[in-house]
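These are the residues of each chain, in order.
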Amino acid sequence: MLRVTNPATEEVIRELEEDRPSAISEKVRRAYRAQPGWAARPLKDRLEIVRRFKELVGKHQDRLAKTLTMEMGKPVTQATNELKALAGRIDYFLVETKDQLEEEEVYKASGIEERLAWEPLGIVANVSAWNYPYFVGSNVFVPALLCGNAVLYKPSELVPLTGLAIAELLWEAGVPKDVFAPVIGGAAVGQALLEHQLQGVFFTGSHAAGKKIAQQVAPGMTRLQLELGGKDATYVCEDADVKTAAQSLADGAMYNTGQSCCSVERIYVHESIYGAFLEHFVEEVKGFVVGDPTDANTYIGPLARKQQLDVLDAQVADAVQRGGKVLCGGKRRQGKGYYYEPTVISEAQNGMRLMREESFGPVIGIGRVRDDNDGVDRVNDSEYGLTAGVYTKDGARARAIMARFNAGTVYWNCCDRVSPRLPWTGRRHSGVGSTLGKLGIRAFVQPKAYHLKGE
Ligand code: NAD
C-alpha cells in the first residue's frame, strides 16, 4: 500500500494500491497489442490529441497545482508556474515533430536510391522523478506518444496522484488507455516493470538508481536514456554586477526549495568581490518567505522527502568541521513538516560533502577563487556534469570560460534554466542521452535505411 503523505503537515492524504507484478505484466501485454494501431494513425491525429491534452491541462491548472502542492510540498505559485510553462514545451513538440519524422532521400544516382525513414521504438517505460513531474514526465511521454510509441509511465511514489491526473487527462484527450498506462508504486514496482522486454527505458532520477537500472536493462539491449542528478556550479568573475549575480544565483539555488536537477549547488566567487557577494546573497535569501506551500506568497516549502533532512544535516556538519561558516540557517525547522531553513555556507572547499554530493535542498556552499583558471578547475572538479555557469560583463571572456566547462548545458549571466528548443543532456554521473530539442524527439524513434534498386 502506498501512503501519500503531505510533507508540510505530515498527514496521509491517500492510500493507493501498488501495482502487483501480474498487473504490470497485463499492462505490458496490452501495450504490445495496442501500439501498432497507435503508430499506424496519421501523425496529425496524434498531434491533435496532444494539443487537446495541453488544453485540458490549462483548463484544470488550479486543481492540478493544488494536488502537486499537497503531495510534494511545491509552493503553489511555483506549481502553477510549472503547469503554465508546460504549454510552451508541448507547443515545441507540436511544431517540430513532423520535420523530425519526415522520410528523407539521402542519395540517388545510377539506378540506386537511398532513403532514411524513422519508426517508433515500440513499447517504452517512462520512470519519472517527483521534483518537476509535469516537466520531466512530459519531456518523455509527449514526444514518445507523438512518435507512435506506447508508454508505461511510472510516476514517482511521491507524486502518484499527479501521475494519475496526467493519465486521466491524456485519456480524455484521446490517447487509448492501453497506449498510456500508469504504473503505480515505488522502486520495487519500477524494477518489476523493467523486468519486461521493452524497446526503450527513459529514466529521470538519482545517479544511484540510474546505475542499477543500467545494469538491469543492459542484457535486453534496450535503448536507455538516463537523466540523473547534478552538482551544478557557477563562477562569478570580479567584473560581474555583484548584486544582480547574487540575486539571480540565490533564486537559482533556492527555487523549488533547491530540489531541481539544475539547482545551483556550488558557487565560486572571485576573491576581490567575495565579501560583497556574500552580503547581497544572504540578504536575498533572508527575504525568501518560508512556510505553508498553499500560500501564494510562500517561496520555500518543505522538502518532499523526510530522509533528505538527515542528508542536509550531515552535509552541514561536515562543512562546519572542515572550516565552513554558516551565514544563515544550518538546521531543520522545529514543528510539523519536513522544513529545512535556507542555509548559506561560506569558505566552502571542494573536499566537503556539501560541495561533492547532491544536496537537493535549500542549502548552498560558496567558495572563493583566485582567477579564471582556478574558477574553471573548481567548477569542473565534480563527478556530475549537468550545467555550469559564469557571471561576467565580458561576453568574449564568458564564451572562453564556457568552452572549458565540462557540462551538457552552460549559462552566461543566468542559471537554473531549461529550454524546449535545446537538448537537455548530462555528462558523466549526470546521465546518458538527451531529452528536449530535436535530439529529444529522435530519441523516441529508430532509423530504417532503405537501399532501393528499381530494376
Ligand atoms: P529516485 O532515483 O529515487 O527515483 C526516480 C524514479 O525511479 C522513481 O519513480 C522511483 O520509484 C524509481 N526507481 C528508483 N529505483 C528504481 C529501480 N531500481 N528500478 C526502477 N525504478 C526505480 O529519484 P527521485 O528522488 O525521484 O528524484 C530526484 C533525483 O532526480 C535527483 O537526483 C535529481 O537531480 C534527479 N533529476 C534529474 C533530472 C534531469 O533532467 N537530469 C530532472 C529531475 C530530477
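Here the structure is shown first, and the text comes after it.
Described in the following lines is the structure provided in the data block. (Residues numbered from 1 in each chain as written. Predicted model: local features only at pLDDT ≥ 70, side-chain atom pairs only at ≥ 80, totals over all residues. Heavy atoms only, no water.)

Bringing the overall build of the protein chain into the picture now. A tally of regular secondary structure across the protein chain gives 14 helices and 22 strands. At 23 Å, the protein chain has a C-alpha radius of gyration in line with the 23 Å of a compact globule built from 455 residues. With respect to the three principal axes, the spread of C-alpha positions in the protein chain is 75 × 60 × 40 Å. Across the 455 residues in the protein chain, those meeting the buried criterion constitute 55%. Within the protein chain, contacts between residues separated by at least 24 positions form 71% of all contacts whose residues are at least 6 apart in sequence. As displayed, the protein chain offers around 18900 Å² of accessible surface, 51% of which is attributable to carbon and sulfur atoms. (Helix = DSSP H or I, 4+ residues; strand = E, 2+ residues; numbered from the N terminus. Rg over C-alpha atoms; globule rule 2.2 N^0.38 Å. Buried < 20%, exposed > 50% of the residue type's maximum accessible area, 1.4 Å probe, protein only. Contact = heavy atoms within 4.5 Å. Areas by Shrake-Rupley, 256 points an atom, 1.4 Å probe, with all protein chains shown as cover.)

Take the environment of Leu161 next. One can find Leu161 in helix 6 (residues 160-173). Its relative accessible area of 11% is what places Leu161 among the buried residues. Look past the residues within four positions of Leu161 in its chain and what remains in contact with it is Val4, Arg14, Leu16, Thr67 and Glu71.

Below, the discussion takes up empty space enclosed by the protein. Within this structure, the stated rule accounts for two cavities of 30 Å³ or more. Each pocket or cavity is described by its volume, and for the largest cavity that value is around 80 Å³. What lines the largest cavity is a set of 16 residues, among which Arg266, Val379, Tyr384, Gly385 and Thr387 lie closest to the centre. For the lining of the largest cavity, the secondary-structure elements that each account for two or more residues are strand 10 (232-236), helix 12 (372-380), strand 15 (384-385) and strand 16 (387-391). When grouped by side-chain class, the residues that make up the lining of the largest cavity number seven nonpolar, five polar and four charged. One number sums up the size of the second largest cavity: a volume of about 30 Å³. (1 Å grid on protein atoms, 1.4 Å probe; cavity = no way out; pocket = protein on both sides within 12 Å on 5 of 7 lines; lining within 4 Å. Points joined across faces, edges and corners; volume = space filled by probe spheres on them. Nonpolar A, V, L, I, M, F, W, Y, C, P; charged D, E, K, R; others polar.)

Attention shifts here to the side chain of Thr387. Looking at where Thr387 falls in the secondary structure, it is placed in strand 16. A polar side-chain atom of Thr387 sits 2.8 Å from a polar atom in the side chain of Asp232. Filtering out sequence-adjacent residues up to four positions away, Thr387 remains in contact with Asp232, Ala233, Cys262, Ala407, Thr409, Tyr411 and Trp424. (Polar contact = N/O pair within 3.5 Å; in protein donor to acceptor, adjacent residues only side chain to side chain.)

Moving on, we come to helix 6. Counted at 1.5 Å a residue, the expected span for helix 6 with its 14 residues is 20 Å, and the 20 Å between its end C-alpha atoms agrees. Those residues of helix 6 that fall on the buried side of the exposure criterion are Pro160, Leu161, Thr162, Gly163, Ala165, Ile166, Ala167, Leu169, Leu170 and Ala173. (Expected span 1.5 Å × (residues − 1).)

Another aspect to go through is unusual backbone geometry. Of note in this structure, Glu10 is not a glycine but carries a positive phi near 65°. With respect to the secondary-structure elements, Glu10 resides in the loop between strand 1 (2-5) and strand 2 (12-16). Given a relative accessible area of 32%, Glu10 falls into the partly exposed group. A positive phi is found at Met221, a non-glycine position, where the angle reads about 55°. In this structure, Met221 sits in the loop between helix 8 (207-217) and strand 9 (223-227). With relative accessibility at 72%, the residue Met221 sits in the exposed group.

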